[in-house]
Every structure is written in C-alpha cells, then in structure tokens.
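Chain and residue survey
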Amino acid sequence: MISSPQVRLISGLLIVSGLLLTRQVLMLSAACVGLIAYLLIAGHFATLRRNLLAIAPIAVILFAVHYLSSYTSTIQSNPPTQTLLRLFGIMLTFSYMATMFLGYDSLDRFVQLGLRGEHLVIAISATSTLPLMQTTAVQIIDARFAAGLVRSRSIFSTATQLPYILRPLLTQALRLAIARSDTWHQRGMMQRLESNLSPVRMEHRLHPVELVAILLPLAWVTLIVGREFL
Amino acid sequence: MSKPSSLPSLHADPAKAGILYVGPNFSGRSARLLAKAQATNGRGFFIAPDITSAFSGFASTLNAELESFSQSHNTKEDATAFLDRLGMKSILFRNPLTLSGGEQAVAALAVAIGSGAEVVAADCCFEQLDVNLRSIVVQCFQSCCAAALAYADNRADEHLLPDSVESTELPPSNETVAATLDSSVILDRNSESSIIEMRNVRASYRSNDVFTLSVPFLSLQPGTVYQLAGPNGAGKTTLCRVLVGLLRTADGSILVDGKEINSWRHPSRVAALCFQNPDHQLFANTVESELLSRGIGSHKLESIMRAFGVASPRQTHPGSLPFVLRKRLSLAATFSTSRGWYILDEPTIGQDSDSIAALAASIRALTVSGCGIIVISHSKRFTRMLDAHQIVLRGGVCDGG
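What counts, and where the lines are drawn
Residues numbered from 1 in each chain as written. Chains lettered and ligands numbered in written order. Predicted model: local features only at pLDDT ≥ 70, side-chain atom pairs only at ≥ 80, totals over all residues. Heavy atoms only, no water. Helix = DSSP H or I, 4+ residues; strand = E, 2+ residues; numbered from the N terminus. Buried < 20%, exposed > 50% of the residue type's maximum accessible area, 1.4 Å probe, protein only. Contact = heavy atoms within 4.5 Å. Phe/Tyr/Trp six-rings, centres within 6.5 Å; stacked < 30°, edge-to-face > 60°. Lys NZ or Arg CZ within 6 Å of the ring centre and 35° of its normal. Buried area = accessible area lost by both parts, 1.4 Å probe. Salt bridge = Lys/Arg side-chain N within 4 Å of Asp/Glu carboxyl O. Polar contact = N/O pair within 3.5 Å; in protein donor to acceptor, adjacent residues only side chain to side chain. pLDDT = per-residue confidence, 0-100. Core = buried A, V, L, I, M, F, W, Y, C linked by side-chain atoms within 4.5 Å. Expected span 1.5 Å × (residues − 1). Axes fitted to C-alpha atoms, helices over the stretch in contact; angles between N-to-C directions. Parallel < 35°, antiparallel > 145°, perpendicular 65-115°, else oblique. Nonpolar A, V, L, I, M, F, W, Y, C, P; charged D, E, K, R; others polar. Left-handed = near helix turned anticlockwise from the far one by under 90°. Patch = residues over 30% accessible without salt bridge, like charges linked within 9 Å, V, L, I, M, F, W, Y side chains within 5 Å. Areas by Shrake-Rupley, 256 points an atom, 1.4 Å probe, with all protein chains shown as cover.

Before going further, it helps to examine the overall build of chain A. Summing up its helical and strand segments, chain A has 10 helices and 0 strands in all. The order of helices and strands in chain A, counted from the N terminus, is α-α-α-α-α-α-α-α-α-α. Across the 230 residues in chain A, those meeting the buried criterion constitute 42%. The long-range fraction of contacts in chain A, counting pairs at least 24 apart against all pairs at least 6 apart in sequence, stands at 72%.

All right, on to the packing of aromatic side chains then. In this description, an aromatic ring pair is defined by two values, namely the gap between the centres and the angle between the planes. Inspection of the entire model under this criterion finds 5 aromatic pairs over all chains. Here the aromatic rings of B:Phe126 and B:Tyr151 are separated by 4.3 Å at their centres, their planes lie at 25°, and the arrangement is stacked. Linking B:Phe126 in the loop between strand E3 (119–123) and helix H5 (131–143) with B:Tyr151 in strand E4 (residues 148–152), this pair joins segments that are 25 residues apart in sequence. Aromatic ring contacts, followed pair by pair, group B:Phe308, B:Phe335 and B:Tyr342 into a single cluster. Here the guanidinium or amino end of A:Arg153 rests over the ring plane of B:Trp264, the centre of that ring lying 3.6 Å away.

Below, the discussion takes up the interface of chain B and chain A. Opposite the 55 residues of chain B that make contact, chain A presents 42 residues. Buried area between chain B and chain A, summed over both chains or domains, comes out near 4,100 Å², and the portion from carbon and sulfur atoms is 53%. When the buried surface of chain B facing chain A is broken down by residue, B:Phe58, B:His280 and B:Phe283 rank first, second and third, together holding 21% of it. There are 1 salt bridge connecting chain B and chain A. Across the pair A:Asp142 and B:Arg241 runs a salt bridge, and its minimum N-O distance is 2.4 Å. At the junction of chain B with chain A, the criterion picks out 10 residue pairs in polar contact (both at pLDDT 80 or more). Elements with a minimum of two residues in the side of chain B that touches chain A: strand E2 (44–47), helix H2 (62–69), helix H7 (236–244) and strand E11 (271–274) of chain B. In terms of residue count, H2(B) provides more of the side of chain B that touches chain A than any other element does, 5 residues in total.

Moving on to the confidence of the model for chain B. Residues and elements named next belong to chain B. Summary statistics for chain B give a mean pLDDT of 84 and a share of 91% for residues scoring 70 or more. The least confident element of chain B, judged by mean pLDDT, is helix H6 (residues 174–178) at 66; the most confident is strand E13 (residues 372–376) at 94. Low confidence marks residues 1–14, where pLDDT is under 50. Its contacts with residues over four positions away, or in another chain, come to 28 contacts.

Before going further, it helps to spend a moment on the nonpolar core. Residue and element names in this part refer to chain B. Judged by nonpolar contacts, the single largest core of 45 residues is most densely connected at Ile47, Phe82, Val106, Leu109, Val120, Phe126 and Phe141. For this core, the secondary-structure elements that each account for two or more residues are E2, H2, helix H3 (73–85), helix H4 (101–114), E3, H5 and E4. For this core, the element with the most residues is H4, which contributes 9 residues. Leucine 109 has contacts with Ile47, Phe82, Val120, Ala122, Cys125, Val137 and Phe141, leaving out every residue within four places of it along the chain.

Now for helix H2 (residues 25–42) of chain A. All names here are of chain A. Here H2 contains 18 residues, and its C-alpha end-to-end distance of 26 Å stays within 8% of the 26 Å for a straight helix at 1.5 Å per residue. For H2, the set of buried residues is Val25, Met27, Leu28, Ser29, Ala31, Cys32, Leu35, Tyr38 and Leu39. Just past H2, the residue glycine 43 takes up positive phi, approximately 80°.

A few words on the packing of H2(B) against H3(B). Residues and elements named next belong to chain B. Viewed as axis vectors pointing N to C, H2 and H3 meet at an angle of 155°, and their least axial separation amounts to 9 Å. By the criterion of interaxial angle, the relationship of H2 to H3 is roughly antiparallel. Between H2 and H3, the residues in contact are Leu62, Asn63, Leu66 and Glu67 and Lys76, Ala79 and Leu83, respectively. Tallied by class, the residues present in the contact of H2 with H3 amount to 4 nonpolar, 1 polar and 2 charged.

Once that is clear, we can look at the packing of helix H1 (residues 5–21) of chain A against helix H10 (residues 208–229) of chain A. Residues and elements named next belong to chain A. One can describe the packing of H1 onto H10 by two numbers: an axis separation of 9 Å at closest approach and a directional angle of 20°. It follows from the interaxial angle that H1 and H10 lie roughly parallel. You can see that H1 and H10 cross each other, and the crossing is left-handed. Taking contact as the criterion, the partners of Val7, Ile10, Ser11, Leu14, Ile15, Gly18, Leu19 and Leu21 in H1 are, on H10, Glu210, Ala213, Ile214, Pro217, Leu218, Trp220, Val221, Ile224, Val225, Glu228 and Phe229.

The next point concerns H7(B). Turn by turn, an α-helix covers 3.6 residues, leaving residues three or four places apart pointing in a common direction. All names here are of chain B. Counting buried positions along H7 gives 8 out of 9 residues, so the element sits mostly inside the fold. Of the positions making up H7, those classed as buried are Lys236, Thr238, Leu239, Cys240, Arg241, Val242, Leu243 and Val244. Where H7 terminates, the next one or two residues include glycine 245, which has phi positive at roughly 100°.

Quick look at a nonpolar patch on the surface now. A cluster of nonpolar side chains, contributed by A:Leu9, A:Leu13 and A:Leu113, occupies part of the molecular surface with about 250 Å² of accessible area. Assignment of secondary structure puts A:Leu113 in the loop between helix H5 (107–112) and helix H6 (117–146).

Glancing now at the side chain of B:Ser355. Residues and elements named next belong to chain B. Relative to the helices and strands, serine 355 resides in helix H11 (residues 353–368). On the basis of relative accessible area, serine 355 is assigned to the buried category, the value being 5%. Beyond its immediate stretch of four places on either side in the chain, serine 355 contacts Asn25, Leu181 and Arg328.

What follows deals with the environment of A:Leu52. Residues and elements named next belong to chain A. Along the polypeptide, leucine 52 turns up in helix H3 (residues 45–72). With relative accessibility at 35%, the residue leucine 52 sits in the partly exposed group. Considering only alpha carbons, one finds leucine 52 and isoleucine 36, 16 residues apart in sequence, at a separation of 8.4 Å. In this structure leucine 52 touches Ile36 and Pro57, once residues within four positions along its chain are discounted.

See below:
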C-alpha cells in the first residue's frame, strides 16, 4: 500500500523510536492496533497471521498480568509486567521493521533510496537471504516428509528435524551461491547495477495515504514524548 | 495454462542455426554448452540442469526479475512475448523458485531472452517441457528471439526439429561406461501395496485461492504403472503432493484399501515421492549413508547402488556429484524406503537413452512383484517402455484412472 521507500523509512523510524521510548500499555496497544489495521487494509493476511501468532500470546499474558497487578500494585513496581511490556515492545518493533523495511522485492526500494553498486548488492543480499533460506528449508522439510523420514506433523517431530535440515540447507546454499555468482557474471548484473542501468522507474508522487502514514506515527510519538518526558 | 498463440513458419530464419547436442551421459555435452555460452564475450547465457541458479534470487515474481535485470525494455518485451507465445504468461506473477519444473524451465528461458544474450545454452532444460512445448520453444528461438539456441536434449527424437537445427552426436566416454545402470539387478518389493482411491478431492495452495486440483474419482491398483500426463502446470505434481500428504485437501477423501486416511497428518504413509529436483532430498554425507539412512539393509545396498549406477562414488558427498548422478541417487534413495507405492516426478531428467531403458526395466520388475508406481514424465519413449496407464490432467482437473 505504501510504495514509497522514503515514506516507509520515515514512518518506520518514527514508530520504532516510539516503541523504544514508551513503557505504557495504552501506547503499545495503539501501536499494535495500528499494525493490525495496516496489514488488514493492505491485504497482507499472511504477514498478519504470522505477526498475530507471535504477538497474541504475549499480549494476552501481558493484559492478564496488567489487569491483576492493577489491583495489587502499580505497574512501575511490578517486574513481570515490566518484562512483558519490554517483550511486547520488542515483538512490535520486529513486526514493524519487517513490515516497513524488509521484503523480497526490495531492489526497487533500495534503488529509490539512492543505493548503488556494491552497497545495493549488500543491501539486497541482506534482505533476500532469509526468504530464500525459508523457501529452501520448506522444500527440504517437504522432501523429508515425502521420503517418510518424519513420522508425523506434530510440533515435536518437526522440531527434531532441525539438525537434518541444516546440512542440506547449507550444502544447497553454497552450491546455489557458486552457481548464482556465475549467473550474475554472465548476466553482467554487477555492471548493470553499478552503472545504474536498472530500468526501475524513479518517479513518485506522495499519495494521501502515505501522508497519513507519516502524520499518524508522528502524532503518536509526540504523544509518547509528552507523556513520558514532559 | 492458456493455449499457445499462433506460430510463425518453421523456417523463419534459416541463417540463425540452433545447435543440438545429443549423446550419452558424461560425453561432454554440458562442457560444450558452457563453452558455447562463454565464447560470446559475456553475451551468452548458460542454463544449468539446476534451473533455479538461472534466477537472480532477488525477485519474488518472474515479472520483477525481468523488470529489474532485463537488458532493456525491448528485451523484456521479447521475454514477455515468448511467454505469451507459449501460453504461459500467467507465470509472470509467480515466484520463479516455487514454479513446477516445466514452468521453471520456461521461466529460465524467458530470463535468458530478457538478459539480451546472443546465445542461450540450455542443459537438460528441454527435458522438463512437454513434447509440443519443446517444438514451440525451438521455433520461437528461430523466428522471434534475438538469441541463438544451443541445447542438449535426450528426447530430441520425440519431436519435430526445424531443418535449421544442427544436431551434433557425441561419443561415449570412459566415465559413461563406469556409471551405467545395471538393469539385471531386480529391485525387491519392500512393503505391501494397497488400493488407493481418491473421491471428490479438491486442494489449493492457499486457503483463499481457487482450487488448483480437482479429482472427482481416481482408483489406483497395485502392481500397475500410472503415468500422470498433461501440459506443464496442469497439476500433476500437485496431485502427487496431495497423495503423499504434502498438501492438505480442502474436500473429499483418500482411501487406502477402503479405509479413509489423513495423509496430511501422516505424510508418506502409503507412498514415497521422489521430487524432480534431487538437491532438496539428499541429506547424508556419503552416497552409501544416504541409502542406508532410508532403512535399506546393508545386504541390499550393493544391488541398489549397481541398479542406479552410483556404486563407484559410494564415499562421495552427494552434493559434489554431477546432476545426472544426484538424480539417480535420489531415485535410489526413494526405492530404498519401505513403501508399497512410489511416485517419481520426472525420473529421467538428464539421463541418456540406455539409462532410461534400464530404469524402465527396473520399474517394470518392481510392478511385477506387486508394487504400485506413479510416474510424471514428458518422455514418450520412457512411458512407452513402462506400458503405463495414463491419467490425464487438464487445468488441475483429473479425468480419472
């Protein structure tokens, strides 16, 4: 939905700094609602499901502890609540960073951000390694299921597969890296990136939604600063 | 997959001759193709048997790959037109790494065209395409692509070749003889086979998608070879994934000897699947330990290694074997598991005609002993040798056994 990388960068940085500053359940909840709303509106249902699976259990425990502790003591003096708040904040930070900065199709974004040549290659490599490894790991797990080497789909059975997955994953990654370096060479990709020949369109006009994507986090951070420090 | 659009005449550009290398395994076809690609001063594009290496790995869709790394807008348009001619424009918006084998081969050829290469050298790529598509691809390179085509295809005799394709036959080497499959070895049946039935089964890769696969009724009898036939992207691999339990069914039931089973919860209970790409299914440090880890006894180890021509590199790491041997090892590993049914996805990729004949003989011997085999193969010769019952899939719909 937000296609401009500059807007993503500004709004992402604002949100992350707000998350690092705040210790308030209300502000963290607002950030959580904002994330869910964005993912819902943008139609990123798979990302939403993944985020919810990670955040929801912590959020439930946090609110339960917070609700109980509000009867007994203040939040500031309650260590479990503090830990949960910190954990919740970290999870939200990762979720926002993944939503705003990372992505498989990151080439256009990095080019638009002004990265060129080697820096561009490093940036793309850093962000595309994880999805690539993920795809390969899924294929390896499937192959182990297909060969009957995993007895069932229980969490325990799947978890015990980790050592068996790592070896082919590494072998595959190394072989692919060598083959890819040949591909990059024969396609002249480095030269193309260095000489900025990538036919990526650079023009972009600020969309009203993108304006909201900056103003809303700005207002939220201002509120946090006001409540925490003033 | 939509229908391929109308094609130009077969002899559109006789001046731009294609080169076809034919010959047994280890006769130096790959080396010649690589040399052909490298001889053009950085304007050649070599597509290795491991097709995924042809993609940059940085794009989530083929379209993004073409937009970012095509030489110019014109070459990108050429690549899109190529896909259009093959009736496979729909793959533009899919992840090239998760396409089916045939689709991946077409995608790699499109990327090569987009890169503005003078020569596209494709090794084993054509073997993953169905017969009609192979002819069309060759014709496209002759008539509407700037690149010249050099390729190795063990199945070139199965389709019509334009006159302008120059065929070069290569002699066998010592290595060819060393790695011959031994068809005299009779593979044992490891487990009891059962009757498999699929009733009103529907499945899709994502919960909100239209159904990718629909099987109203399918009955599979043990002791029989079935060939899943259909164009690239018809749902052959998807059907196998459902049978083995790698894809959850949305509707319908799978019955084994009349008893309903949940294949998703207990994958590979009935059948073992050998994937098209051997690289994801080899887990051990040596060829020998790879086979032993699948439960085969040490007394059978020697015979299965001879049957698949992998006896000499027994202490080699599977990852350092050439593609042809990796493919054979993945087949040997599949047959080392104790199952009543075996599903083989394109088992003959990269294999020469002698190896194909030996593999067909081994499979036939297994079915005589009561084992059930399901094969996905675009090789007419191989399926004729197997005398396989055809199950046709079109647009994800299976018309029964």
